[in-house]
Amino acid sequence: MREAMYWESLENNRVRCHLCPLNCIIDEGKRGSCKVRKNIDGILYTLNYGKVSSMALDPIEKKPLFHFYPGSCAFSIGTVGCNMHCKHCQNWEISQADERFPYLQDATPEAIVSLAKHYECESIAYTYNEPTIWYEFVLDTAKLAKKAGLNNILVTNGYINEEPFRELAPYIDAMNIDIKAFDDKFYMKIASVPGGEPSRRIAKIAKKEFGIHVELTYLIIPTLNDKEDEIRTFARWVVEEIGDDTPVHFSRFFPQYRLTNLPPTPVETVEMAYRVAKEEGLKFVYIGNIPGHPGEHTYCPKCGKPLIVRWGFTIEEYHIKDGKCKYCGEQIPIVGDYRKRHYKGMWW
């Protein structure tokens, strides 16, 4: 536990947190919506600093990041808590928990960087739960990671205020931002926050102002955010505000947590989203959670040939050389060279 960043004192020993757009006003002895920032005697503390719930060596494609050091290893860590309360969260056991979660282990930023280097990972990914509510630990770790020559990756809902994001952004190399829907009613009903505009704003700032590699994920949930008009509006926004070369992942929903009443998303619906996004001008669209689907591959936007052939998180073919299509020479926006994945000397 340590004093949090980005908060102000109010009268009657209350505090206001300024980390995320909820800007929680917290009475003495109470916690913010994220469950891991607490007012103790009029001072806001972060309760999950260095508290690790999950740690793994992940293929970077699992984040998912398809255009950032393809084939590489991401040393992935998570904690507890989240500023959203999505009814379909697949990691709800940790995202809706607090520092009393029984399986937490203590870690220092130095230890995380050392482990990532030991296992020969190119990146550290802050993932599994929402990393921005682990802000202080992520910031300290990211600074050390950059000095050690590692990349930093945020897998995030993007729901953070601009000022704290701008302090963190210089140390972040890549982000996958989860756009829950393109309808604010969805955010209120399903995620328990007022709307998605802050996440969209952070996506734009990250790419346009800081040059961070940004990929977007849109999980398609039957009856809730699967209408063609909404998906078309989302795709058009990406083209106009983020860029037509931004990779977009449409993922298939499976019943989780408090949305077990809904069926898995029909494959045809995900394919519709893929088609619509292409029609709106997106060059790199992907289908997720359907292993073996041709929508997992990267295609050249000029000649149409498959350049990266994937099965799930595994790269089976790679036809990009010097950042260009091997067949027609079209420039392909891939950050970093293809790395044949390995774990401590074991090549996959």
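Remember, predicted model here, so these are calculated numbers, not experimental data.

### Here's the deal with the side chain of Asn129
And then number 1: Structurally, Asn129 can be placed in the loop between strand S11 (123-126) and helix H3 (135-147).
And then number 2: At 3.4 Å, the side chain of Asn129 and the backbone oxygen of Val80 are in polar contact.
And then number 3: The contact partners of Asn129, leaving out residues within four places of it in the chain, are Gly78, Thr79, Val80, Gly81, Ile94, Ser95 and Val155.

### Considerations on the domain arrangement of the chain
And then number 1: Assigned domains within the chain: domain 1 (2-46) and domain 2 (51-296).
And then number 2: At the junction of the two partners, domain 1 supplies 17 residues and domain 2 supplies 25 residues.
And then number 3: When the two sides are added together, the surface that domain 1 and domain 2 hide from each other amounts to roughly 1,700 Å², 56% of it contributed by carbon and sulfur.
And then number 4: Considering only the surface of domain 1 that becomes buried against domain 2, Tyr6, Leu19 and Pro21 emerge as the three largest contributors, covering 33% of it.
And then number 5: At the junction of domain 1 with domain 2, the criterion picks out four salt bridges.
And then number 6: Run the count over domain 1 and domain 2 and you get ten residue pairs in polar contact (both at pLDDT 80 or more).

### A few points about the sheet that holds strand S12 (residues 151-156)
And then number 1: Strands sit in the order S8-S9-S11-S12-S13-S14-S15-S16 across an open sheet of eight strands; the sheet is mixed. In this open sheet, the two strands that pair with only one neighbour each are strand S8 (54-59) and strand S16 (285-288). Averaged over neighbouring strand pairs, the angle between their axes works out to 20° when direction is ignored.
And then number 2: Strand direction decides the pairing type here: strand S13 (residues 174-178) and strand S14 (residues 213-220), joined by five bridges, are parallel. Bridged to Ala174 within S14 is His213.
And then number 3: Lying on the sheet, helix H7 (residues 228-242) is in contact with S14 and strand S15 (248-252); it crosses S14 at an angle near 180°.

Conventions and cut-offs
Residues numbered from 1 in each chain as written. Predicted model: local features only at pLDDT ≥ 70, side-chain atom pairs only at ≥ 80, totals over all residues. Heavy atoms only, no water. Helix = DSSP H or I, 4+ residues; strand = E, 2+ residues; numbered from the N terminus. Polar contact = N/O pair within 3.5 Å; in protein donor to acceptor, adjacent residues only side chain to side chain. Contact = heavy atoms within 4.5 Å. Domains from an automatic or database assignment. Buried area = accessible area lost by both parts, 1.4 Å probe. Salt bridge = Lys/Arg side-chain N within 4 Å of Asp/Glu carboxyl O. Pairing = 2+ DSSP bridges. Axes fitted to C-alpha atoms, helices over the stretch in contact; angles between N-to-C directions.

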